[in-house]
Amino acid sequence: MRETIITREQVANPRTHYGDAKASTRHFITQRVTGLINVVFLGFLLFIVVRLAGQDRADMVGVIGNGFIGIPFAVLIGIVAVHMRNGMRDTLEDYLHGRMYSLAMMLNTLFCLIVGLAAIGAIVKIVFWG
């Protein structure tokens, strides 16, 4: 992949386009929507943390094992993983370019996918199999 050099004249020209406009808009909207959902679900997360403070494993399984608690909690974790990936993408775009950026984004996506699937899998196991 060849890296393009952006000149002052290109930046000064309002008709110049950088990258894929649709992908950038999708990324922007996804980041804002997932952030808003995270803020809304923060109360739900605080409820779970306060409810489980000082409890033993049986109580934790009882609370998370309730479908009305566990399923939304699993969805929240999936949304947090998407938000985490997009947030790291912003940082990686600022500091890395070319092949190093591609490698870092692949590792970022892989990490977020593994963390999200492991957490969702654990919650789904608790909800359906105790």
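Two elements in contact, helix α3 (residues 57-64) and helix α5 (residues 98-129), have axes separated by 8 Å at closest approach and are oriented at 90°. When the axis of α3 is compared with that of α5, the two are roughly perpendicular. Note on element contacts: α5 touches α3 through I123, I126 and V127, opposite M60, V61 and I64. Split by residue class, the contact of α3 with α5 holds 6 nonpolar, no polar and no charged.

This part is about the packing of aromatic side chains. What the rule picks out here adds up to 3 aromatic pairs. Relative to F73, the ring of F44 has its centre 6.4 Å away and its plane inclined at 65°; by these criteria the two rings are edge-to-face. You can see F44 sitting in helix α2 (residues 21-52) and its partner F73 sitting in helix α4 (residues 67-95), a full 29 residues away along the chain. In this structure F44 comes out as buried when scored by relative accessible area, which is 18%. A relative accessible area of 14% places F73 in the buried class. Judged by centre distance (6.0 Å) and plane angle (65°), the rings of F128 and W129 are edge-to-face. Of the two residues examined, F128 and W129, each falls in the exposed class. Members of the aromatic cluster, each reached through a chain of ring pairs, are F41, F44 and F73.

Glancing now at the side chain of N108. For N108, the location among the structural elements is in helix α5. With residues up to four places along the chain from it excluded, the contact list for N108 reads R85, M88, R89 and L92.

At a closest axis distance of 9 Å, the pairing of α4 and α5 adopts a crossing angle of 170°. Put simply, α4 runs roughly antiparallel to α5. Partitioning the contact of α4 with α5 into residue classes produces 19 nonpolar, 6 polar and 3 charged.

Conventions we followed
Residue numbering note: each chain is counted from 1, following its sequence as written. This being a predicted model, a pLDDT of at least 70 is required before a residue's local features are given, and a value of 80 or more before pairs of side-chain atoms are given or counted; all residues contribute to the totals for chains, interfaces and linings. Values reported for side chains reflect all heavy atoms of the structure, with hydrogen atoms and water molecules removed beforehand. The angle between two axes is taken between their N-to-C directions and runs from 0 to 180 degrees, where each axis is a line fitted to C-alpha atoms and a helix contributes only its stretch in contact. By definition, any uninterrupted DSSP run of H or I lasting at least four residues is a helix, any uninterrupted run of E lasting at least two residues is a strand, and each is numbered from the N terminus. Orientation categories follow fixed angle ranges, with anything under 35 degrees roughly parallel, anything over 145 roughly antiparallel, 65 to 115 roughly perpendicular, and all other angles oblique. Here, residues are in contact when the closest pair of their heavy atoms is within 4.5 Å. When residue character is reported, Ala, Val, Leu, Ile, Met, Phe, Trp, Tyr, Cys and Pro are called nonpolar, Asp, Glu, Lys and Arg charged, and the others, Gly included, polar. Each Phe, Tyr or Trp ring (for Trp, its six-membered ring) is paired with any other whose centre lies within 6.5 Å, and the angle between the two planes then decides the class: stacked below 30 degrees, edge-to-face above 60, tilted in between. In this scheme, a residue with accessible area under 20% of its type's maximum is buried, one over 50% is exposed, and one in between is partly exposed, where area comes from a 1.4 Å probe on protein chains only.

Purely geometric stuff here, so don't read any function into it on its own.
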